[in-house]
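# A look at the structure
Given next are the chains, with one letter for each unit.
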Amino acid sequence: RSERKSMTGSMHNYQRPLEWENFLIDASIILNPQRDNMNEFAGKLTNCYLGKHPKRRVRVKTPVFDAHMSYGSNSHEAALARLIASMRLGRPFFTGEGYMHPDFAPGFRQCVAQFGTGGFGPWVDLAQFMGISMKYGQDAKKGKGGRLPGAKNDYEIAVLRCIEPFKDVNSPNPQHLQYSIEELRMRVESLRAVLGDDKLVGADIYGTAWNVEHIVLALAQAGFDYITIRGGGGTTGAAGATDLENKGLDILYFGKVAHDALKREGLREKISLIGEGNFTTPKAAMLGLMVGFDFVGTGMRHLIPLGCTMCRRCHTGQCSWGITSRRYGGRIDPEEGADMIVGMIESWQRGMEGLAAGLGFTTHEDVV
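All of the points below concern the structure found in this document. (Residues numbered from 1 in each chain as written. Predicted model: local features only at pLDDT ≥ 70, side-chain atom pairs only at ≥ 80, totals over all residues. Heavy atoms only, no water.)

## Focus on the overall build of the chain
The condition is simple: Numbering of helices and strands starts at the N terminus; helices are DSSP runs of H or I of at least 4 residues and strands are runs of E of at least 2. The contact rule is simple, with two residues in contact once any of their heavy atoms fall within 4.5 Å.
When its secondary structure is counted, the chain shows 10 helices and 12 strands. The contacts of the chain with a sequence gap of at least 6 include a subset with a gap of at least 24, amounting to 68%.

Structure below.
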């Protein structure tokens with residue numbers, strides 16, 4: 001995919017790719033006529049908007065986002081490659097918890113800075129960012145606080161996070177930044193006062209079966225511009241095997257519940273939904289849009305074009321490719337890595353647009 005090639009095979013394709021996609025469309029149940037997306041305006045997913053408020057609608061050219069991964073979780077070169085790719089793809093770049101390196105300052109206008117329970121970072125000049133996201137749930141380590149091992153917390157990371165170096169860094173657990181629904185509205189209003197009305201303010205949550213509907217409604221009523229819901233699967237792959245294999249419900253289920261709840265309360269047109277967790281193929285991403293997410297995010301998939309072999313050593317700081325360790329980061333060429341990521345997303349998008357046209361959809365709004 002990083003060479004901009006499709007990985008969807010036909011019946012007699014004996015050279016089976018490593019990642020195999022099967023997507024059966026039953027033409028008899030399609031209500032809209034199928035379209036030819038190669039020769040007519042059909043199934044186009046290049047005109048999307050994050051945020052629904054007129055002052056804060058950000059045009060996005062792809063519905064596939066790079067998920068939140070902190071600067072401490074990636075090497076400098078890997079984070080830079082991901083940022084460059086997001087800028088070239090015309091989508092926001094989500095920083096993850098812990099602020100960003102000053103070398104990336106020219107791209108801050110494309111970044112949504114995340115604030116979590118650890119409160120790491122200098123938190124100055126916030127107006128230079130596209131927006132702020134409040135972290136109300138941990139992604140990879142479900143039900144736990146975030147953790148950056150001491151081996152990865154070198155002097156540079158410590159300066160950026162305003163903490164002591166070479167010590168394990170933990171975000172408090174549970175993820176409590178507010179203790180009442182009323183405080184949610186106060187937090188949004190205070191951020192608007194600081195940032196201005198033209199900046200996005202989002203919320204990142206990890207939902208469970210019994211509360212995701214209530215959380216989504218509370219956040220929408222509080223005035224957030226978007227909600228990121230996370231299901232099974234981490235971002236960098238730094239979670240324990242037990243977490244990855246046994247925690248987190250199917251993200252498609254969460255998307256359906258959230259979309260229906262917001263629609264029932266008349267709030268769906270006021271807020272955008274982003275889904276993250278186990279979107280590993282264009283087919284899965286397409287299904288994410290069809291159950292009600294405006295956008296989908298994937299983390300580990302963005303690391304594979306940089307050389308990730310899924311060795312499950314992200315949390316140790318021993319990544320041989322220099323993706324999730326700073327020690328070997330020089331092995332990554334940020335420009336080349338960015339081109340590989342862009343190629344992968346362009347391939348994803350072409351596959352998704354072909355499916356959208358085959359189902360009779362014309363635009364991103366039709367699919368959602």
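## Notes on the pairing of strand 9 (residues 200-206)
As a general feature of sheets, a regular strand has side chains that alternate between the two faces. What counts here: Residue exposure (1.4 Å probe, protein chains only): buried if accessible area is under 20% of the type maximum, exposed if over 50%, otherwise partly exposed. At least two bridges found by DSSP between two strands are what make those strands a pair.
Of all seven residues making up strand 9, seven are buried, and the element is well covered by its neighbours. Burial along strand 9 is two-sided: the face carrying L200, G202, D204 and Y206 and the face carrying V201, A203 and I205 are both buried. In this structure, strand 6 (residues 131-135) lies alongside strand 9, joined through five bridges in parallel fashion. Paired with M134 across the two strands is A203, which belongs to strand 9.

## Section: the packing of helix 1 (residues 76-89) against helix 9 (residues 334-358)
What counts here: Axis lines are fitted through C-alpha atoms, for helices just across the contact stretch, and the angle between N-to-C directions can take any value from 0 to 180 degrees. Here is the rule for angles: anything less than 35 degrees is roughly parallel, anything more than 145 is roughly antiparallel, 65 through 115 is roughly perpendicular, and the remaining ranges are oblique. Note on convention: the crossing is left-handed when the near helix lies turned anticlockwise from the far helix by less than a right angle, right-handed when the turn is clockwise. Asp, Glu, Lys and Arg are counted as charged, while Ala, Val, Leu, Ile, Met, Phe, Trp, Tyr, Cys and Pro are counted as nonpolar; the rest, among them Gly, fall into the polar class.
The geometry of helix 1 relative to helix 9 is characterised by a closest axis approach of 8 Å and an angle of 50 degrees between their N-to-C directions. Accordingly, the angle class assigned to the pair helix 1 and helix 9 is oblique. Between helix 1 and helix 9 the crossing geometry is right-handed. Every residue of helix 9 that contacts helix 1 at E77, L80, A81, R82, I84, A85, R88 and L89 is listed here: P334, E335, G337, A338, D339, I341, V342, I345 and E346. Classifying every residue of the contact of helix 1 with helix 9 by side-chain character gives 10 nonpolar, one polar and six charged.

## Thoughts on the sheet that holds strand 6
Taken together, the eight strands give an open sheet; going across it, the order is 3-12-11-10-9-6-5-4, and neighbouring strands pair in parallel fashion. In the strand order of this sheet, the two ends are held by strand 3 (64-66) and strand 4 (93-97), each with one partner. Within this sheet the neighbouring strands show an average axis-to-axis angle of 25 degrees, counted without direction.

## Details of the nonpolar core
Applied cut-off: Among buried residues, the Ala, Val, Leu, Ile, Met, Phe, Trp, Tyr and Cys ones that are joined through side-chain atoms within 4.5 Å form a nonpolar core.
One finds F224 and I229 to be the most contacted residues of the largest nonpolar core, which totals 80 residues. No other element matches the nine residues that helix 9 contributes to this core. Once residues within four sequence positions are removed from consideration, I229 is found in contact with I205, V212, V216, I251, F254, A258, L273, I274, G275, E276 and F293. Counting residues in each nonpolar core, the second largest holds 12 residues, with L50, F94, I274 and F295 among its members.

## Quick word on the packing of helix 3 (residues 181-195) against helix 4 (residues 212-222)
Two numbers describe how helix 3 lies on helix 4: the axes approach to 8 Å, and their chain directions differ by 40 degrees. Put simply, helix 3 runs oblique to helix 4. Taken as a pair, helix 3 and helix 4 cross one another with a handedness that is right-handed. Contact with helix 3, carried on its side by I181, L184, R185 and V188, involves A218, L219, Q221 and A222 of helix 4 and no other residues of that element.

## What about unusual backbone geometry?
Excluding glycine, a negative phi dihedral is what most residues carry, and trans is how most peptide bonds are arranged. Positive phi is not limited to glycine here, since Y99 has a value of about 70 degrees. The residue Y99 is located in the loop between strand 4 and strand 5 (111-115) in this model. Phi is positive for D125, close to 55 degrees, though the residue is something other than glycine. Among the structural elements, D125 can be located in the loop between strand 5 and strand 6.

## Re the packing of aromatic side chains
The description of an aromatic ring pair uses the distance of the two centres, along with the angle that the planes make with each other. Our working definition: The aromatic pairing rule takes the rings of Phe, Tyr and Trp, using the six-membered ring of Trp, and pairs them if the centres are within 6.5 Å, calling planes under 30 degrees apart stacked, those over 60 edge-to-face and the rest tilted.
Evaluation of the coordinates by the stated rule reveals 13 aromatic pairs. Ring centres of F94 and Y226 lie 6.1 Å apart, and the angle between their planes is 65 degrees; this geometry places the pair in the edge-to-face category. Taken together, the residues span a long stretch of sequence, with F94 in strand 4 and Y226 in strand 10 (residues 226-230) at a distance of 132 residues. When sorted by exposure, F94 lands in the same class as Y226, which is buried. Aromatic pair Y99 and F108: ring centres 6.5 Å apart, planes at 80 degrees, arrangement edge-to-face.

## Digging into helix 4
Buried within helix 4 we find V212, V216, L217, A218, L219, A220 and A222. Elements in contact with the buried residues of helix 4: helix 3, strand 9, strand 10 and helix 6 (251-264). G223, located one to two residues past helix 4, shows a positive phi value of around 105 degrees.

## Describing the environment of A85
Position of A85 relative to the elements: it lies in helix 1. What makes A85 buried here is its relative accessible area of 0%. Along the primary structure A85 and G343 are separated by 258 residues, whereas in three dimensions their C-alpha atoms are 9.3 Å apart. When near neighbours in sequence (up to four residues on either side) are disregarded, A85 contacts A338, I341 and V342.

## Quick notes on helix 1
Operational definition: Expected helix span is given by 1.5 Å per residue-to-residue step, counting one fewer step than there are residues.
Helix length check: helix 1, at 14 residues, gives a terminal C-alpha distance of 20 Å against a target of 20 Å (1.5 Å per residue), a fit within 8%. By the criterion of burial, helix 1 is predominantly enclosed, with 10 of the 14 residues buried. For helix 1, the complete set of buried residues consists of H76, A78, A79, A81, R82, L83, I84, A85, S86 and L89.

## Some points on the pairing of strand 11 (residues 272-276)
Worth spelling out the cut-off: The handedness of a crossover follows from its direction of travel: if, with the strands pointing away from the viewer, the path from the first strand over the helix to the second runs clockwise, the crossover is right-handed.
A large share of strand 11 lies buried, amounting to five of its five residues. Alternating residues of strand 11 divide into S272, I274 and E276 and L273 and G275, and every residue in both groups is buried. The pairing of strand 11 with strand 12 (residues 295-298) spans three bridges and is parallel. Across the sheet, the residue bridging to I274 is F295, located in strand 12. In terms of handedness, the path from strand 11 via helix 7 (residues 282-291) over to strand 12 forms a crossover that is right-handed.

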